[in-house]
Amino acid sequence: MYLVSAKEMLQEAERGRYAVGHFNLNNMESVRAFLLAAQETHTPIILGVSGGTAKYMGGYRTITDMVQDFMHYLDINVPVALHVDHGKYEEALAAIEQGFSSVMFDGSSYPIEENIAKTKEVVRLAHAKGISVEAEVGGIGGEEDGKISMGECADPAQCEQMASLGIDFLAAGIGNIHGKYPADWKGLNFSLLGEIKRRTGDMPLVLHGGSCIPDDQIRKAISLGVGKINVNTECQMAFTEAVRKYIEEGRDLTSKGFAPRALLAGGLDATKAMCIKKMTLFGCLGKA
Ligand code: 13P
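Quick notes on the rules
Residues numbered from 1 in each chain as written. Predicted model: local features only at pLDDT ≥ 70, side-chain atom pairs only at ≥ 80, totals over all residues. Helix = DSSP H or I, 4+ residues; strand = E, 2+ residues; numbered from the N terminus. Rg over C-alpha atoms; globule rule 2.2 N^0.38 Å. Buried ≥ 20, exposed ≤ 12 C-beta atoms within 10 Å, placed from the backbone. Near = placed C-beta within 6 Å. Nonpolar A, V, L, I, M, F, W, Y, C, P; charged D, E, K, R; others polar. Axes fitted to C-alpha atoms, helices over the stretch in contact; angles between N-to-C directions. Parallel < 35°, antiparallel > 145°, perpendicular 65-115°, else oblique. Contact = placed C-beta atoms within 7 Å.

Draft legend 1. Seen up close, the overall build of the protein. Broken down by element type, the protein carries 11 helices and 11 strands. What you see for the protein is a C-alpha radius of gyration of 18 Å, in line with the 19 Å of a compact globule of 288 residues. Expressed as lengths along the three principal axes of its C-alpha atoms, the size of the protein is roughly 60 × 45 × 35 Å. Considering the protein as a whole, with its 288 residues, one finds that 48% of them fall into the buried category.

And the structure:
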């Protein structure tokens, strides 16, 4: 099966009141881990690629080819969308040219008028090729590719304006932040989420910073209209914890245990297990 737009899978999630998981790629092991998790559980999946990952893994074309070739090699036949995460304008345009099936244009650092103008152009170019588009209003707090900002709450009127531009799904800050949450975090702002949903109709909403949010808050966010949840940090932590355990047990010092494939194998399995755990929580397991 080839890469698909994320639009249809999120529309189905909206109708079925569950959320599809977006999992960030970081290396080759993560590509394998997420594709196998999706296939073995018969679940649709969105693979997210940040600007940092794109540079690390050889650019959008290389990643498109790698994911498609892995899908062919592993016989993947569940829906897989390859999605730009927090793309700058130029990054979104490059990914549209280089085989991605979904893009996020994050114009949240621009004044709203410029964010709207650029989002419209991304929508025009992406939709001409059947590629889905995510836009963002208001920054998402935390650390994302070196950018640090405090947790923000999006303006519902701006969300309504953005949703009317023909985008396919919308990221809006509701107190969520990327990375680990501070001990004094106040939790998701559900009254704001309800207001944004009221103004944006059946537009699927995206929850960034999906790691380390208590399960009951995730379930409530889904019940109020979140249809896509982005997870990176918890999968990275699971990967690194497994690799650390391998080294701490001295397994790299026995036989051929120093081989990089052996060193990282546990990390791959732990990433896959975390992915399946999140899919189960999001309610999308088995929905392919
Ligand atoms: P976490 O790293 O907090 O899981 O957030 C991922 C994300 O939102 C990517 O856009």
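Draft legend 2. Geometry of the site of the ligand. Around the ligand lies a shell of 14 residues, among which H208, S211, N230, N232 and T233 are the nearest. At the level of elements, β3 (80-87) and β11 (226-231) are the ones that each hand at least two residues to the shell around the ligand. Its residues placed into classes, the shell around the ligand shows one nonpolar, 12 polar and one charged.

Draft legend 3. Representation of the packing of helix α5 (residues 89-97) against helix α6 (residues 112-127). Between α5 and α6, whose axes approach to 10 Å, the crossing angle comes to 5°. In terms of their interaxial angle, α5 and α6 are classed as roughly parallel. Every residue of α6 that contacts α5 at Y89, A92, L93 and I96 is listed here: K118, V122, L125 and A126. Across the contact of α5 with α6, the residue classes tally to seven nonpolar, no polar and one charged.

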